[in-house]
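Examination of the molecular architecture
Below, each chain spelled out in residue letters.
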Amino acid sequence: MNFYFEAAKVLDRLDAKQGSIKGVIATVPEKDRRRTAALVIETLKYKTVLCDVITAANLLKEERKITSLNLALVLVHDLLLVNGIQTSEGPIKQAVLRHKTRLRSEFQKIKIKRGVKSTTDLARTGDDRAEKIPRYVRVNTTCWTTEEAVESFLSRGYTMTGPFGHSKGFAKDQHIPDLLLFPPDTQFVDDPLLHTGKIILQDKASCFPAYILAPPAANGTVVIDATAAPGNKTSHLCALMKNKGKLYAFERDRKRFATLQTMLNRAKCRNTEPINADFLTIAPDDEKYATATHILLDPSCSGSGIVNRLDHLLANGAMLIAFAEGAGSHR
Ligand SMILES: C[S@@+](CC[C@H](N)C(=O)[O-])C[C@H]1O[C@@H](n2cnc3c(N)ncnc32)[C@H](O)[C@@H]1O
């Protein structure tokens, strides 16, 4: 049952506008994250219909043990759209199952009313703008060259025909070197290239700071990333420095610092020293840092204005703008 409570909690936080879908899901313990993410996203896709079914079946009025709409949503989602509620017997599961027949019949009524043949036709369709955002992939040139990456994708059946119109099309970005564009629904989560740090999922907007800062790739260069975790821009700086010189990466949050370390190891950043400290406590004349010539400062967690691929699922059809946080791909 904990899994359903966890998913309901994520939905509560989204309702309270405490972050983007990606950002809130990033706070779920890693072992449960993928499963919770799948349930949350699927529930949001069908939220309107599920709400109608729950209301029509009087579920919350008749079953006081189901304490929130979001808990009802995730349970009814699995009851109606998957193979049932995936948990052992208990009072809450029983409370939903008591209404199984009614919930199913209300669901059927909605399908008939809306004239849909398959359940998937009831899903919220995507946001037009989000669908036009390619899946951005930064080639980590610390590990290999962009030419090698392109060759690798070509050998996997991709063609350089652009990210739209062909499921295996891709292209080089016209502004950011080493950034590739793939079709929006391309998944790299299980791709060995991601796990070995050869590619980094990083949206275009997030690639500009390091590119514009353009730290020199020279042995004497000292660069600071003052607010580094999860480390996408840090690894980008490292790649631009060709792993030369010294890159100090500060992160004050302990948990996020651990993520930063993992990320930098994976990206093979050897010129980078992660430091778990508040950058503001560092003395400007500390001789370790005093020779720094470039500093990247990215403290805020507001991605206001960035259209996120998932956040159109929030609220009743309203376009929501992502408040990007945490380990999302555009960081
Ligand atoms: C927006 S995120 C940085 C994202 C990162 N630049 C990337 O591209 O992956 C901001 C991070 O800075 C950290 N931070 C904020 N103020 C800080 C400070 N004074 N010293 C060190 N870290 C700080 C936060 O904990 C958070 O992890």
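Rules behind the numbers
- Residues numbered from 1 in each chain as written.
- Predicted model: local features only at pLDDT ≥ 70, side-chain atom pairs only at ≥ 80, totals over all residues.
- Heavy atoms only, no water.
- Helix = DSSP H or I, 4+ residues; strand = E, 2+ residues; numbered from the N terminus.
- Buried < 20%, exposed > 50% of the residue type's maximum accessible area, 1.4 Å probe, protein only.
- Contact = heavy atoms within 4.5 Å.
- Near = heavy atom within 4 Å.
- Polar contact = N/O pair within 3.5 Å; in protein donor to acceptor, adjacent residues only side chain to side chain.
- Areas by Shrake-Rupley, 256 points an atom, 1.4 Å probe, with all protein chains shown as cover.
- 1 Å grid on protein atoms, 1.4 Å probe; cavity = no way out; pocket = protein on both sides within 12 Å on 5 of 7 lines; lining within 4 Å.
- Sits in = over half its atoms within 2 Å of the grid points.
- Nonpolar A, V, L, I, M, F, W, Y, C, P; charged D, E, K, R; others polar.
- UniProt positions renumbered as here; feature names shortened; annotations may be inferred.

Per the secondary structure count, the protein includes 14 helices and eight strands. Looking at the protein as a whole, 48% of its 331 residues qualify as buried. By sequence separation, contacts in the protein at least 24 residues apart represent 68% of the contacts at least 6 residues apart.

Bringing the site of the ligand into the picture now. The local shell around the ligand holds 20 residues, among which Glu251, Arg256, Asp278, Phe279 and Asp298 are the closest. At a separation of 3.1 Å, an oxygen atom of the ligand approaches a polar side-chain atom of Lys233. Notes on the ligand: free accessible area 610 Å², of which the protein chains cover 94%. Comparing atom positions with the cavity grids shows the ligand to sit within the second largest pocket. When the residues that make up the shell around the ligand are grouped by side-chain class, the tally is eight nonpolar, four polar and eight charged.

Along the chain, Asn271 turns up in the loop between helix H14 (254-266) and strand S7 (272-275). Polar contacts involving the side chain of Asn271 include one to the main-chain carbonyl oxygen of Lys244, which spans 2.8 Å. When near neighbours in sequence (up to four residues on either side) are disregarded, Asn271 contacts Cys238, Met241, Asn243, Lys244, Gly245, Lys246 and Leu247.

The UniProt record marks Glu251, Asp278 and Asp298 with the feature "binding site: S-adenosyl-L-methionine" (unreviewed entry), using the residue numbering of this structure. In terms of the greatest pairwise C-alpha distance, the residues named above, spread along 48 residues, form a tight cluster of at most 13.3 Å across. In the annotation above, Glu251, Asp278 and Asp298 are the residues that line the second largest pocket. Topologically, Glu251 is positioned in the loop between strand S6 (246-250) and H14. If we skip the residues at most four places from it in the chain, Glu251 touches Thr227, Ala228, Ala229, Arg256, Phe257, Leu260, Ile275, Asn276 and Ala277. Among the polar contacts listed, one links the side chain of Glu251 to the backbone nitrogen of Asp253, at a separation of 2.9 Å. Taking relative accessible area as the criterion, Asp278 reaches 26% and is therefore assigned partly exposed. There is a polar contact of 2.8 Å between the side chain of Asp278 and the backbone nitrogen of Leu280.

We now examine unusual backbone geometry. Residue Pro230 is bonded to the preceding Ala229 through a cis peptide linkage, with omega at 5°. Within the secondary structure, Pro230 sits in the loop between strand S5 (222-225) and helix H13 (232-240). Of note, Lys17 is a non-glycine position whose phi angle comes to about 55°, a positive value. With respect to the helices and strands, the residue Lys17 is situated in the loop between helix H1 (2-15) and helix H2 (21-25). What makes Lys17 exposed here is its relative accessible area of 62%. Despite not being glycine, Asp178 shows a phi value in the positive range, around 70°. If you trace the backbone, Asp178 turns up in the loop between strand S2 (171-172) and strand S3 (179-182).

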